[in-house]
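Listed here are the chains, written in short residue letters.
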Amino acid sequence: DAKTTQPPSMDCAEGRAANLPCNHSTISGNEYVYWYRQIHSQGPQYIIHGLKNNETNEMASLIITEDRKSSTLILPHATLRDTAVYYCIVRVEDYGQNFVFGPGTRLSVLP
Amino acid sequence: GAVVSQHPSWVICKSGTSVKIECRSLDFQATTMFWYRQFPKQSLMLMATSNEGSKATYEQGVEKDKFLINHASLTLSTLTVTSAHPEDSSFYICSARPSILAGGYEQYFGPGTRLTVT
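Predicted model only: the values in this text are computed from it and were never measured.

## Quick notes on the overall build of chain B
Part 1 of the reasoning: Scanning chain B from terminus to terminus reveals zero helices and 11 strands.
Part 2 of the reasoning: Across chain B, helices and strands are ordered from the amino to the carboxyl terminus as β-β-β-β-β-β-β-β-β-β-β.
Part 3 of the reasoning: Here the C-alpha atoms of chain B give a radius of gyration of 14 Å, agreeing with the 13 Å that 2.2 N^0.38 yields for 118 residues.
Part 4 of the reasoning: Its C-alpha atoms put chain B at 45 × 25 × 20 Å along the principal axes.
Part 5 of the reasoning: Across the 118 residues in chain B, those meeting the buried criterion constitute 48%.
Part 6 of the reasoning: Pairs at least 24 apart in sequence give 55% of the contacts found in chain B among residues at least 6 apart.
Part 7 of the reasoning: Taken as a whole, chain B presents about 5,900 Å² of accessible surface, with 54% of it coming from carbon and sulfur.
Part 8 of the reasoning: Taken as two groups, the 10 positive and 9 negative side-chain charges of chain B have centres that lie 5 Å from each other.

## Let's talk about the state of the cysteines
Part 1 of the reasoning: The tally for this structure, following the rule as stated, stands at two disulfides over all chains.
Part 2 of the reasoning: Disulfide partner of Cys22(A): Cys88(A), at an S-S distance of 2.1 Å. Because the torsion about its S-S bond is -80 degrees, the bridge between Cys22(A) and Cys88(A) counts as left-handed. Placement of the pair is Cys22(A) in strand β2 (residues 18-23) and Cys88(A) in strand β8 (residues 84-92), with a sequence separation of 66 residues. Cys88(A) shares its class with Cys22(A); the two are buried.
Part 3 of the reasoning: Disulfide partner of Cys23(B): Cys94(B), at an S-S distance of 2.0 Å. Taking the sign of the S-S torsion, about 80 degrees here, the bridge from Cys23(B) to Cys94(B) comes out right-handed. Taken together, the positions of Cys23(B) in strand β3 (residues 19-25) and Cys94(B) in strand β9 (residues 90-98) put the pair 71 residues apart, joining distant regions of the chain.
Part 4 of the reasoning: On the basis of relative accessibility, which here comes to 0%, the residue Cys23(B) falls in the buried class.
Part 5 of the reasoning: Residue Cys94(B) is classed as buried on the basis of its relative accessible area of 0%.

## So, the sheet that holds strand β7 (residues 67-73) of chain B
Residues and elements named next belong to chain B.
Part 1 of the reasoning: A sheet is described by the order of its strands in space; here four strands give the open sequence β1-β3-β8-β7, paired in antiparallel fashion. Edge positions in the open sheet fall to β1 (4-7) and β7, since each of these has one partner strand only. Across the sheet, the mean angle separating the axes of adjacent strands is 15 degrees when strand polarity is ignored.
Part 2 of the reasoning: Relative to β3, β1 runs antiparallel, the two sharing four bridges. Its bridge partner being in β3, Gln6 is matched across the sheet by Cys23.

## A look at the pattern of salt bridges
Residue and element names in this part refer to chain B.
Part 1 of the reasoning: Under the criterion given, the structure shown has four salt bridges over all chains.
Part 2 of the reasoning: A salt bridge links Lys66 to Asp88; the shortest N-O distance between them is 2.8 Å. With Lys66 in the loop between β6 (57-58) and β7 and Asp88 in the loop between β8 (76-81) and β9, this pair connects stretches of sequence that are 22 residues apart. Here Lys66 matches Asp88 in class, with each residue buried.

## Focus on the interface of chain B and chain A
Frequently, the measure chosen for interface size is the accessible area removed from exposure when the parts meet.
Part 1 of the reasoning: Taken together, the contact between chain B and chain A spans 23 residues of the former and 20 residues of the latter.
Part 2 of the reasoning: For the pair chain B and chain A, the summed buried area comes to about 1,600 Å², and 49% of that belongs to carbon and sulfur atoms.
Part 3 of the reasoning: The interface formed by chain B and chain A includes zero salt bridges.
Part 4 of the reasoning: The interface formed by chain B and chain A holds seven residue pairs in polar contact (both at pLDDT 80 or more) in total.
Part 5 of the reasoning: It is strand β4 (residues 30-38) of chain B that contributes the most residues to the side of chain B that touches chain A, five residues altogether.
Part 6 of the reasoning: Across the side of chain B that touches chain A, the residue classes break down as 11 nonpolar, nine polar and three charged.

Calculation notes
Residues numbered from 1 in each chain as written. Chains lettered and ligands numbered in written order. Predicted model: local features only at pLDDT ≥ 70, side-chain atom pairs only at ≥ 80, totals over all residues. Heavy atoms only, no water. Helix = DSSP H or I, 4+ residues; strand = E, 2+ residues; numbered from the N terminus. Rg over C-alpha atoms; globule rule 2.2 N^0.38 Å. Buried < 20%, exposed > 50% of the residue type's maximum accessible area, 1.4 Å probe, protein only. Contact = heavy atoms within 4.5 Å. Areas by Shrake-Rupley, 256 points an atom, 1.4 Å probe, with all protein chains shown as cover. Lys, Arg positive; Asp, Glu negative; His and termini not counted. Charge placed at Lys NZ, Arg CZ, Asp CG, Glu CD. Disulfide = S-S within 2.5 Å. Pairing = 2+ DSSP bridges. Axes fitted to C-alpha atoms, helices over the stretch in contact; angles between N-to-C directions. Salt bridge = Lys/Arg side-chain N within 4 Å of Asp/Glu carboxyl O. Buried area = accessible area lost by both parts, 1.4 Å probe. Polar contact = N/O pair within 3.5 Å; in protein donor to acceptor, adjacent residues only side chain to side chain. Nonpolar A, V, L, I, M, F, W, Y, C, P; charged D, E, K, R; others polar.

Structure (structure tokens):
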């Protein structure tokens, strides 16, 4: 079973920031938070991951609460091409660990 | 970044026939490859894990005699759906993990193969 809870769907206006929440209240100290997205009929695309510090890259920012029980993925200026299903996954960074996908959040960016 | 390809990107086959899907890691060696299946409006479900040179490990409920997996080289894994039926129609996605010596904690996903069985 997935260890995360995400809203099933969200809308965001084009050009605005999209803030996608994720609850992972049972996260362990050595589990990372990963975000992937899947555009329709494509394979999952890596976005960002982090352990406890906030992270930023060219695609997004990841904000992790101090107690690590939740996180938010921020797409600073959403475009229509950001419409996708976004998956939040917690995972130990261990060679034996796989990625377990939950249902994710379907983000619709509206013009 | 690391690139994983799949071939074909889509395939239509008749019921009762077999179809092979290839997954290749293009710029790295993958000791482990994973096969997922995704039905419409559902999430990815892991079918099996394959390690180069050894038998695949199948998830519960996945028929190993129906979904044959071969991982004969460090850059290629194949999934053969044998005696396909319409209920096997799905989106099949592979992912590949580099060797542990290369710091292989990540998985890189292929673009997926859409299988339609008529």
